[in-house]
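Listed below, chain by chain, are the residues.
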Amino acid sequence: MQTVVSGIRPTGNLHLGNYFGAVKNFLRMQDEYNCYFFIADYHSLTTHPTPENLHNNVRQVLAEYLACGLDPEKSTIYVQSDVPAIAEMSLLMSMNAYLGELERTTSFKDKARKQPENVNAGLLTYPVLMACDILIHKADKVPVGKDQEQNLEMTRKFAGRFNHMYKQDYFKIPQSFNYGEALVKIPGLDGSGKMGKSEGNGIYLADEPKPLQKKVMRAVTDSGPTEPNSPVSEPIQNLFTLMDVVSTSDTLQFFQEKYASCEIRYGDLKKQLAEDIIKFTTPIRERIEDIKADSDYLNKVVKMGREKAQASAEKTVKELREIIGIKRF
């Protein structure tokens, strides 16, 4: 069985974009692959160096993962910082990563531009740590979005470079993975761009109905079509995209036809969209609350994941030490 690895940073609650862009596929993967799904708390510190409550953030995302259907009996679900071997491997692999290539990565340049007062070393070496998250379990496949494709390519480069430097066919060269289908990009409510955990444009799986409805009703729209069969503007297409994943096909078709005939009422569209999102998220939100209230279960899941992830990671680091020549006296 091939191995799949993926992680998510605990920098905000999971939203619809996370669910339809990633988690929905994870549920399928866990029945077909040897899966490692982790909460990337080390990675979160590159942009959130002084979190108010990192532990609770991790706990929240863990409960959300489980509420969505990730099964600790099928997948290894763990917290990144619970596996110290990852940090050791990151140190070893950073010796074979070069300053110029790290400075040229799009993610580094973007983050450095957004947080010029905090261009830290962890931000620069993010691709190395990400590579170790993947390579430490000898992953065959990695489900990544467009924004992480370059970092996966760096992972492939580091793996190949290590194999070449030490004349070993040790690391597999991992491939990107999305079941051969176009990646689902869930837009935010601000009229452009994708939904994000920290952009303020997200609909979260844990949102209560009333706040959720208010968010949707405030979503950006336009002044409306003036001629039949007018092109759909980006803000309205975003609402149709959201409707496409949570509503029935008949509902979507109804509002698309109303738009085409210049009869659409955006208030009605938003109201229906909010109702359909609430109908979708309510069972998940209720499971999140139940799971968060069950500390014994969460502790059991984390312990199980930690033990399985550590066994895999420590084996890899032991082999790396031997290849590099780090030996005990």
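Residues numbered from 1 in each chain as written. Predicted model: local features only at pLDDT ≥ 70, side-chain atom pairs only at ≥ 80, totals over all residues. Heavy atoms only, no water.

Peer 1: Give a detailed account of the overall build of the protein, specifying residues and quantitative values.
Peer 2: A tally of regular secondary structure across the protein gives 14 helices and five strands. Its C-alpha atoms give the protein a radius of gyration of 22 Å, near enough to 20 Å, the size a compact globule of 329 residues would have. Expressed as a percentage of its 329 residues, the buried residues of the protein come to 50%. Restricting the contact set of the protein to residue pairs at least 6 apart, pairs at least 24 apart contribute 77%. (Helix = DSSP H or I, 4+ residues; strand = E, 2+ residues; numbered from the N terminus. Rg over C-alpha atoms; globule rule 2.2 N^0.38 Å. Buried < 20%, exposed > 50% of the residue type's maximum accessible area, 1.4 Å probe, protein only. Contact = heavy atoms within 4.5 Å.)

Peer 1: Now, about helix α12 (residues 249-260): what can you tell me, with residues and values included?
Peer 2: Since one α-helical turn is 3.6 residues long, residues separated by three or four positions face the same way. End to end, α12 covers 16 Å across twelve residues, agreeing with the expected 16 Å (1.5 Å per residue, within 8%). Three or more residues of α12 are buried, namely T251, L252, F255 and Y259. Seen along its axis, α12 keeps its buried residues to an arc of 100°; they face one direction. Of the residues in α12, the exposed ones pointing more than 90 degrees away from the buried face are S249 and D250. Among the structural elements, α11 (234-246) and α13 (266-292) are those in contact with the buried residues of α12. (Expected span 1.5 Å × (residues − 1). Arc of directions from axis to C-beta.)

Peer 1: Tell me about the side chain of E101, and name the residues and values.
Peer 2: Structurally, E101 can be placed in helix α5 (residues 99-103). When its relative accessible area of 8% is taken as the criterion, E101 is described as buried. Each residue touching E101, except ones within four places of it in the same chain, is listed here: N96, M154, K157, F158 and R161.

Peer 1: How would you sum up the packing of aromatic side chains? Please name residues and give values.
Peer 2: Given two aromatic rings, their pairing is described by the distance between the two centres and the angle made by the two planes. The full count for this structure, using the stated rule, is 13 aromatic pairs. Put simply, the rings of F162, Y166, Y170 and F171 touch in pairs and so form one group of aromatic residues. Just above the ring of F177 sits the side chain of K141; from NZ or CZ to the centre is 4.6 Å. (Phe/Tyr/Trp six-rings, centres within 6.5 Å; stacked < 30°, edge-to-face > 60°. Lys NZ or Arg CZ within 6 Å of the ring centre and 35° of its normal.)

Peer 1: An account of the packing of α11 against α12 is requested, with residue identities and associated values reported.
Peer 2: In helix packing, the relevant descriptors are the interaxial angle and the interaxial distance, both defined with respect to the helix axes. Across the interface, α11 lies against α12 with an axial gap of 9 Å and an inter-helix angle of 160°. When the interaxial angle is binned, α11 and α12 end up roughly antiparallel. In terms of crossing hand, the pair formed by α11 and α12 is left-handed. Contact residues: α11 offers I236, F240, M243 and D244, while α12 offers T251, L252, F255, Q256 and Y259. A class-by-class count of the residues in the contact of α11 with α12 yields six nonpolar, two polar and one charged. (Axes fitted to C-alpha atoms, helices over the stretch in contact; angles between N-to-C directions. Parallel < 35°, antiparallel > 145°, perpendicular 65-115°, else oblique. Left-handed = near helix turned anticlockwise from the far one by under 90°. Nonpolar A, V, L, I, M, F, W, Y, C, P; charged D, E, K, R; others polar.)

Peer 1: Give a description of the layout of surface pockets that names residues and reports values.
Peer 2: Estimated volume of the second largest pocket: approximately 220 Å³. Looking at the second largest pocket, the residues that line it are H55, V58, R59, L62, V79, S81, D82, S295, L298, N299, V302 and R306. Sort the elements by how many residues they give to the lining of the second largest pocket and helix α14 (residues 295-324) lands first, with five residues. A breakdown of the residues in the lining of the second largest pocket according to their chemical character gives five nonpolar, four polar and three charged. (1 Å grid on protein atoms, 1.4 Å probe; cavity = no way out; pocket = protein on both sides within 12 Å on 5 of 7 lines; lining within 4 Å. Points joined across faces, edges and corners; volume = space filled by probe spheres on them.)

Peer 1: Any details on the environment of K141? Residues and values, ideally.
Peer 2: As for its position among the elements, K141 is in strand β4 (residues 141-142). Those residues within four positions of K141 in sequence are excluded, and the remaining contacts are Q2, T3, V4, V5, Y33, Q175 and F177. At 3.4 Å, the side chain of K141 forms a polar contact with the side chain of Q2. (Polar contact = N/O pair within 3.5 Å; in protein donor to acceptor, adjacent residues only side chain to side chain.)

Peer 1: Give me the lowdown on the side chain of D133, citing residues and values where you can.
Peer 2: Secondary-structure assignment places D133 in helix α8 (residues 126-135). This buried residue, D133, is left without a salt bridge; R9 holds the nearest opposite charge, at 10 Å. In contact with D133, other than residues within four places in its own chain, are V5, F38, H43, Q80 and I86. (Lys, Arg positive; Asp, Glu negative; His and termini not counted. Salt bridge = Lys/Arg side-chain N within 4 Å of Asp/Glu carboxyl O.)

Peer 1: I'd like a rundown of unusual backbone geometry, residues and numbers included.
Peer 2: Positive phi outside glycine occurs at K167, with the angle close to 50°. Note on placement: K167 falls in the loop between α9 (149-165) and β5 (175-176). Among the residues examined, K167 registers a relative accessible area of 76% and is labelled exposed. Here N229, not a glycine, exhibits a phi torsion of approximately 60°, which is positive. Structurally, N229 is set in the loop between α10 (209-217) and α11.

Peer 1: Tell me about the pattern of salt bridges, residues and numbers included.
Peer 2: Side-chain pairs of opposite charge can arise where the charged atoms are in close proximity. With the rule as written, the count across this model stands at 17 salt bridges. Here R113 ties to D110 by a salt bridge, and the two come within 2.8 Å at their closest N and O atoms. Placement of the pair is R113 and D110 together in helix α6 (residues 106-114), with a separation of three residues, close to one helical turn. For R113, a relative accessible area of 57% puts it in the exposed group. A salt bridge links K138 to E319, with the shortest nitrogen-to-oxygen separation between them at 2.8 Å. With a gap of 181 residues between them, K138 in the loop between α8 and β4 and E319 in helix α14 connect regions that are remote in the sequence. Connected through salt bridges with shared partners, the residues E101, K157 and R161 form a single ionic network.

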